[in-house]
Each structure stands twice: as C-alpha cells, then as structure tokens.
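So the chains spell out like this:
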Amino acid sequence: MNAIYILWLRQLKRFIRKKASIVGAIGQPIIFLLAFGFGLSPVFAKAGAGNYIQFLAPGIIVMTVLFTSIFTGLEIIWDKQFGFLKETFVAPVPRYQILLGKVLGGATVAMAQGFLVFIITLFAGFRPVNWLSLPLAFLYIFLVAFLSSALGASIAARLEDMQGFPLIFNFVVQPLFYLSGAIFPLQNLPAALNFVTKINPFSYGVDGLRFAFSGVNIFSPFLSIAVLMGVSLIIIGFGVYQFKKVQL
Amino acid sequence: MIEVKNVVKKFGDFTAVDNISFKVNKGEIFAFLGPNGAGKTTSIKMLTTLLKPTSGEVFLNGHNVTENPDETRKSFGIVFQDPSLDNELTAYENMQFHAILYGVKKEVYKKRIVDLLKMVELYDRKDSFVKTFSGGMKRRLEIARGLLHHPTVLFLDEPTIGLDPQTRNHIWTYINELNKKEGVTIFFTTHHMEEVERIAKRVAIIDHGKILIDGTIEEIIKKAGKESLEDAFISLTGSTIRDEKANIGKNQMRINSKLMR
C-alpha cells in the first residue's frame, strides 16, 4: 500500500511543480467553450434543444479529464526513456501496485484539472441544476479519470518512445472524445454512428455527468457507473498483464 | 552469494549472453569486465530481475531470481549504467521514494538518508532538484540510494563512466569502505583496469557473450602471460574496436548520450 501511496504522491508533486502545463491544459477546454459553446448556441437553441453551454459543459469537463489522464498515463514512456522506470521495476513491489499507483496518481491529477475547468464553465454561464448532486458528479469524473489513466498507462507499457504518440492521440483519444456525445446529443444519429457511440465507454461518462449536473440522461445512471467500472477493470487487468511482460 | 548456471540470453537470433556460469562469494568485490557489447549489462539485467534468461538459472542470496523476483529484489541494490533518477524531484525526495518503495520504516530511513547523503557529500544539496545536479553528483546520489535498504549485494554498472579522477577516487573509496565495514558484496563493471586492480578480489572477463576467464587478478595476468591486467585484457579480447551496445535501440542510445552531457 505504501508503494501505491508514494507513486501517487510523486505524480502529484510533478503535477503541482509544472505550472505551465496546468495552465496549458486549460487552454483547449476554454477554446472549445468559447468557439463551440457560444458559436453553436443559437443553432442549438433554434433546433429546440435548449441551452448549449448547459449541454456542452459536462462534455468539456470529460474532455479535460480524458486528455490529462491519457497524458499522465503516457508519462510512463518518459520514465522509461529517462531510466526512472528501471528504479521502480527493480524494487520489491508487485507490478499491479506500480500500475495502480500510477493510475491513481494520473486520475487525481486529471480530477484536479477537471475541477479547474468546472470552475471556468461556471464563469461561462453553466449552472448545475442541483448542487446537492455534486458528489455524484465527482464520482463520474473520478471514474472517467481512472478509466482514461488506466488506458494511457496500459498503452504506454509497451511503447518504446513518443513517436507513436500522434497515432494514439488521433486514432484513439480524439475519437473517444468526439464520439462520446460530449459535443452533440446521442439521439437520432445515423445507425453506424449510433453503434459506435453506444460501445464507447466515455459516452456513459458524459451522460452520467450530464445526469448529475442537469438531471438529463439517455442511459440509466447505474448502467453508466457499471460500464465505467467494468471497462476500467478490464483495462487494469490488461495493464497488469502488459506490465508483467515489460523487460527493460 | 551470486550463482549463475549456464545462462543464455537471446534477442531474436542474436545471442547476447552465451552459456555463462560463475560464482561470487559473500563479501567479495567482483569485477565483471569486457569490451563494449560483450554482454555485461545484459548479464546484470538478468541478475537483477529486469530481463528473463532464455535458459539457465540465476541464484542471488539464496533466491532463484526468475522464480522469486520479489525476495531477490529486496537483497540487492543497483547503480545502473544510465541515470535513473527523477529529475523533477529533489535529492531527498528521490531517496524517500526509494525507501518507501522498499518498505524501509520511517524512523529508519529518516536517519539513514541523512547518513548516506552525508557520506556522498550531498547533504547540503538535499533539497535541490536533481535536474540541477552534475553527472558526478547524480552518480553519488544513485550510489547512496542503492544502499538505502541495506542490500547484501550492490551492483554497479560502470559507476564511474564520464567522471573526473577526483570523483572516481571518492566513489571507489566509499565502495571499498562499505565492503569492509558492512560486508556488502560488490559486483561491478568498468573499463578502467586500474580501478579493478585497486579494489577487486576476483575478476571475470566476458566477450561475445562468453566468459573467457575468471580468477584473481594475479591468476589472470599469469595465465595470459602478460605484465598487467590491461595487457591481459587486450590479449584475451583482441584489439579490434567494438560497436557500442549491440542490443540497445538507436533511439535509446541517442537519449542516453543526451543525458550524459
């Protein structure tokens, strides 16, 4: 347990010390909020779908958490290149604990970043309908953070360098975000798109968060929690398997 | 203390380590020598659980390394050939990270970290970020860190590479004292033969993945019929210059060389 704690703490320290990247990671959500949020607002309202900022904010928070988590997961590649992973891997600590420490660290960092963006959405005019369901919202944010952090770490386990990064970002991370119902409603979609969004676990994260904030949902809130937890477990299992196979 | 039996390591069809066997006794200072790409680092990685041998067995402190990696890991400390510190943490934090990872108790590690940092003369820099350290300071910190959990064996893979004579002298003095005072078994590699002659009790020379000879320094010089260990080394391994690190990717080499600067 102590090993998990110190790995978690290390991630946190690294996060707090990199002020520039904290600010940098807020840039994209702000642009989305301004460009999409205000830009598409009139169309959205005319279509009779209501307030777009209200709709978009949970999606933007999920985006922040997803991107930040994947990045921290991928930091394992840096650890590999800078030799620090060797120090961790020769220690008498089971690989699953190393993975959990990393994943929880990444998830915590991403939640902090997501919380910052949540504050920013409030300035943009977003209002949670029921403030009492905020803890539920944080549960969804945590589950999304944990899932994406585990995904990042599992992918990074077998990559040697950052050269594969654009591939992962463009073919894994971006589709997971754009096809999650973060920026458009999941109703009345073409059949193919409908299918893809239904098998994307992040659709359930966005939907759950939207339910917690605004009381609007497509999937059952329990189904969303179950999907996020189930997929996380599968990915952690896969990640442990990958970690055990790593030879340095 | 260390026993290697018929160990082979293949990467694809390249045999990096070809059926090596040797023993290191408890409390011994053992030098593992060989030209670049001879299989030294690969062997150390197999001894320290980072690589699995293709065949053969390794025992360390009584534990079978492949079957019982966690117990093995508690028994040794290691200073890698390439830096393995977290540059974004301070010297103290790097030490603390290691202590907690190895399950050293707080009341023990608090004192031990101070002692070790004083020993390697970095105590006044304990709160500085490692990224501000010179190569020699990083090396000293890594040695201190490798000793933190009271290992019975300390592996040093070219610990003095790229260091000035003063720092090298310092480091070998520490290591020698450590062996004398705490009885730590030392297993090291180097290209500096005078370092070997200065502190090693026994030596093995490896080339092309095979152990050519092992024994005391005198025995090796005698068998090779030469005047010095350096001459014996060259006559045994030939005088052609080797490619660096045959088994490590180009990219890794580039990064390593960047870090060494």
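Just above sits the structure.
These numbers were taken from a predicted model, which means no experiment stands behind them.

### Looking at the overall build of chain B
Then comes step 1: Summing up its helical and strand segments, chain B has 10 helices and 10 strands in all.
Then comes step 2: Rg of the C-alpha trace for chain B: 18 Å, near the compact-globule value of 18 Å for 261 residues, within the 12% margin.
Then comes step 3: Expressed along its principal axes, the backbone C-alpha trace of chain B runs to roughly 50 × 40 × 40 Å.
Then comes step 4: Within chain B, the fraction of its 261 residues that count as buried is 43%.
Then comes step 5: Nonlocal contacts in chain B, meaning residues at least 24 apart in sequence, comprise 67% of its contacts between residues at least 6 apart.

### Overview of the sheet that holds strand 2 (residues 14-24) of chain B
Then comes step 1: As summarised here, the arrangement of the four strands in space is 2-1-4-5 (chain B), forming an open sheet in which the pairing is antiparallel. Edge positions in the sheet fall to strand 2 and strand 5 (63-64) of chain B, since each has one partner strand and no second.

### Details of the sheet that holds strand 3 (residues 29-33) of chain B
Residues and elements named next belong to chain B.
Then comes step 1: Across the sheet, which stays open at both edges, the six strands sit in the order 6-7-8-3-9-10 with mixed pairing between neighbours. Only two strands of the sheet have a single neighbouring strand rather than two, namely strand 6 (76-79) and strand 10 (210-216). Each strand axis lies, on average, 15 degrees off the axis of its neighbour in the sheet, ignoring direction.
Then comes step 2: Sheet analysis places strand 6 next to strand 7 (residues 153-157), joined by four bridges and oriented parallel.

### Topic: the nonpolar core
Then comes step 1: V62(A), L66(A), V144(A) and F155(B) are the most contacted members of the largest nonpolar core, which totals 146 residues.
Then comes step 2: The element contributing the most residues to this core is helix 3 (residues 52-81) of chain A, with 17 residues.
Then comes step 3: Excluding its chain neighbours within four sequence positions, the residues that come into contact with V144(A) are V62(A), V65(A), L66(A), F202(A), G205(A) and L228(A).

### Structural notes on the pairing of strand 7 of chain B
All names here are of chain B.
Then comes step 1: Counting buried positions along strand 7 yields five of five residues, so the element is predominantly enclosed.
Then comes step 2: Of the two faces of strand 7, the one carrying V153, F155 and D157 and the one carrying L154 and L156 are both buried.
Then comes step 3: Across five bridges, the pairing between strand 7 and strand 8 (residues 185-189) is parallel. Pairing of L156 across the sheet is with F188, part of strand 8.
Then comes step 4: The parallel pair strand 7 and strand 8, bridged by helix 6 (residues 165-182), forms a crossover whose chirality is right-handed.

About the thresholds
Residues numbered from 1 in each chain as written. Chains lettered and ligands numbered in written order. Predicted model: local features only at pLDDT ≥ 70, side-chain atom pairs only at ≥ 80, totals over all residues. Helix = DSSP H or I, 4+ residues; strand = E, 2+ residues; numbered from the N terminus. Rg over C-alpha atoms; globule rule 2.2 N^0.38 Å. Buried ≥ 20, exposed ≤ 12 C-beta atoms within 10 Å, placed from the backbone. Contact = placed C-beta atoms within 7 Å. Pairing = 2+ DSSP bridges. Axes fitted to C-alpha atoms, helices over the stretch in contact; angles between N-to-C directions. Core = buried A, V, L, I, M, F, W, Y, C linked by C-beta atoms within 7 Å. Right-handed = clockwise from strand over helix to strand, strands pointing away.

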